Amino acid sequence: MRDDELFSFEDARQRLGESFDPLPVPAIPPADPDLDRVVVELRRLRDASAALAMSEVELGDIADRLGEVASLLESRVAGPADRLETMWKGAGTRRSNPVSGPENPIAPPVDFVGCDDGSVMATVTLGPAYQGPPGCVHGGISALIIDHMMGLANHWGGRYGMTAHYELDYRSPTPLLQPLTFRCWVHEVDGRKTWTHGTIHAGDRLCVEARGLFLEASVPVPGQPGTRSTVADGSQ
Ligand SMILES: CCCCCCCCCC(=O)SCCNC(=O)CCNC(=O)[C@H](O)C(C)(C)COP(=O)(O)OP(=O)(O)OC[C@H]1O[C@@H](n2cnc3c(N)ncnc32)[C@H](O)[C@@H]1OP(=O)(O)O
């Protein structure tokens with residue numbers, strides 16, 4: 001089997017239907033549009049603040065003004081422990097995860113597409129907030145995105161699980177400010193185990209190769225005693 005082949009293409013077709021259009025995997029449910037707009041603005045602040053040093057910006061009372069907004073929000077939102085509970089009462093973690101979640105300002109965000117061959121793909125351009133080596137994506141950010149994306153590829157391939165083992169080879173520098181193509185696919189399955197592979201390319205150049213072992217498992221859901229989640233799609 002070639003390394004980039006789905007473990008069972010026909011099996012995936014049976015599970016996913018004879019023909020299907022690429023879809024977001026899994027679809028992220030909409031919520032209050034104002035909430036998503038707030039996060040879009042927070043991301044603009046994130047990216048602008050990553051470029052503040054050595055800039056010409058007159059900072060003056062900027063910190064005070066931002067502090068006022070932060071205090072306003074803090075006074076009206078749930079604390080972290082309560083938030084963990086509400087997160088699992090709604091759309092699971094799909095809206096709040098740190099890779100694609102529209103409610104999470106640290107998410108770049110990355111938009112995923114499920115492909116006809118069973119893989120999951122994404123194209124994303126990362127800015128200076130994600131820098132590691134000069135001009136390059138931080139290796140931990142690459143790892144974060146691929147790990148999450150492998151979870152989605154498992155879901156797309158009808159599997160689920162928690163990452164038990166995960167390894168990456170950084171084959172060449174991963175550039176900032178250029179479109180990067182991420183791809184993940186289920187490579188092999190055996191009982192509770194799913195081996196999932198992934199790559200990052202800049203154009204035709206291979207930047208990162210990754211392999212993960214996922215084990216079917218469940219974890220207790222915060223605030224819902226006796227309830228466990230399979231972490232399959234952020235729901236139970
Ligand atoms: C739509 C989807 C959206 C969601 C995407 C989310 C993706 C995010 C992915 C993550 O980041 S998950 C978070 C990071 N992972 C964790 O926190 C997992 C922490 N580890 C655990 O909870 C447990 O170790 C785990 C549930 C993974 C496994 O515990 P088990 O007690 O169920 O496994 P066990 O020790 O019985 O081992 C089962 C088999 O797996 C093998 N195994 C376990 N850990 C391994 C390992 N690290 N390396 C290789 N093999 C391993 C083990 O040898 C054994 O093989 P055999 O059955 O052949 O004997």
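The structure displayed is predicted, hence computed values, not measured ones. (Residues numbered from 1 in each chain as written. Predicted model: local features only at pLDDT ≥ 70, side-chain atom pairs only at ≥ 80, totals over all residues.)

Asks: Would you explain the overall build of the chain in this entry?
Replies: Within the chain one finds five helices and eight strands. When its helices and strands are written in sequence order, the chain yields α-α-α-α-β-β-α-β-β-β-β-β-β. Going through the 236 residues of the chain one by one, you find that 29% of them count as buried. A sequence separation of at least 24 residues applies to 67% of the contacts in the chain between residues at least 6 apart. (Helix = DSSP H or I, 4+ residues; strand = E, 2+ residues; numbered from the N terminus. Buried ≥ 20, exposed ≤ 12 C-beta atoms within 10 Å, placed from the backbone. Contact = placed C-beta atoms within 7 Å.)

Asks: Sorry, what's going on with the sheet that holds strand β2 (residues 120–124) here?
Replies: Whether parallel or antiparallel, the strands of a sheet pair through hydrogen bonds between backbone atoms. Strand order in the open sheet made by the six strands is β1-β2-β4-β5-β6-β3, with antiparallel pairing throughout. Every other strand in the sheet has two partners, leaving β1 (113–114) and β3 (162–170) as the edge strands with one partner each. Here strand β5 (residues 193–202) pairs with strand β6 (residues 205–215) via ten bridges, running antiparallel. Paired with Thr196 across the strands is Gly212, a residue of β6. Sheet strands touched by helix α5 (residues 139–156): β1, β2, β3, β4 (180–190), β5 and β6. Its angle to β4, the strand with the most contacts, is close to 50°. (Pairing = 2+ DSSP bridges. Axes fitted to C-alpha atoms, helices over the stretch in contact; angles between N-to-C directions.)

Asks: For this particular structure, what's the right way to read the site of the ligand?
Replies: The local shell around the ligand holds 16 residues, among which Gly151, His155, Ala164, His165 and Ala217 are the closest. For the shell around the ligand, the elements supplying multiple residues, two or more each, are α5, β3 and β6. The element contributing the most residues to the shell around the ligand is α5, with five residues. Considered class by class, the residues forming the shell around the ligand number eight nonpolar, six polar and two charged. (Near = placed C-beta within 6 Å. Nonpolar A, V, L, I, M, F, W, Y, C, P; charged D, E, K, R; others polar.)

Asks: Hey, could you run me through the UniProt feature "domain: Thioesterase" (unreviewed entry) in the chain in this one?
Replies: The residues that UniProt annotates with the feature "domain: Thioesterase" (unreviewed entry) are residues 135–205. Here residues 135–205 runs as 25% helix and 44% strand, with 16 Å between its end C-alpha atoms. (UniProt positions renumbered as here; feature names shortened; annotations may be inferred.)

Asks: I'm lost on α5 in this one. Help?
Replies: Along an α-helix, residues three or four apart share an orientation, since each turn contains 3.6 residues. Under the 1.5 Å per step criterion, the end-to-end length of α5 is 25 Å for 18 residues, consistent within 8% with the ideal 26 Å. Check the buried side of α5 and you find it contacts β1, β2, β4, β5 and β6. (Expected span 1.5 Å × (residues − 1).)

Asks: Quick question: what am I supposed to make of unusual backbone geometry here?
Replies: Across residues other than glycine, the phi torsion is negative in most instances, and most of the peptide bonds are trans. In the segment running from Pro108 into Pro109, the intervening peptide bond is cis, with an omega of 0°. With respect to the helices and strands, the residue Pro109 is situated in the loop between α4 (80–89) and β1. If you check the backbone angles, Leu177 has positive phi at about 60° while not being a glycine. Tracing the sequence through the fold places Leu177 in the loop between β3 and β4.

Asks: Is there a simple way to think about the nonpolar core in this case?
Replies: Core analysis: the biggest nonpolar cluster contains 27 residues, and Val120, Met149, Ala153, Phe182 and Cys184 have the highest contact counts within it. At the level of elements, β2, α5, β4 and β6 are the ones that each hand at least two residues to this core. With seven residues, the top contributor of residues to this core is α5. Setting aside chain neighbours within four positions, we find Met149 in contact with Phe112, Val120, Ala122, Phe182, Cys184 and Gly198. (Core = buried A, V, L, I, M, F, W, Y, C linked by C-beta atoms within 7 Å.)

Asks: Is there a simple way to explain the environment of Ala129 in this structure?
Replies: Among the structural elements, Ala129 can be located in the loop between β2 and α5. Spatially, the C-alpha atom of Ala129 lies 22 Å from that of Val69, the residues being 60 residues apart in sequence. Not counting residues within four places of it along the chain, the set of residues in contact with Ala129 comprises Arg46, Asp47 and Ala50.

Asks: Help me understand the confidence of the model for the chain in this model?
Replies: Regions with low pLDDT should not have their predicted coordinates read in detail. Per-residue confidence for the chain gives a mean pLDDT of 87; residues scoring 70 or more make up 87%. Contacts of residues 1–9 to residues separated by more than four positions or lying in other chains number 13 contacts, the stretch itself having pLDDT below 50. Taken together, the chains of this predicted complex give a pTM of 0.90 and an interface ipTM of 0.96. (pLDDT = per-residue confidence, 0-100.)

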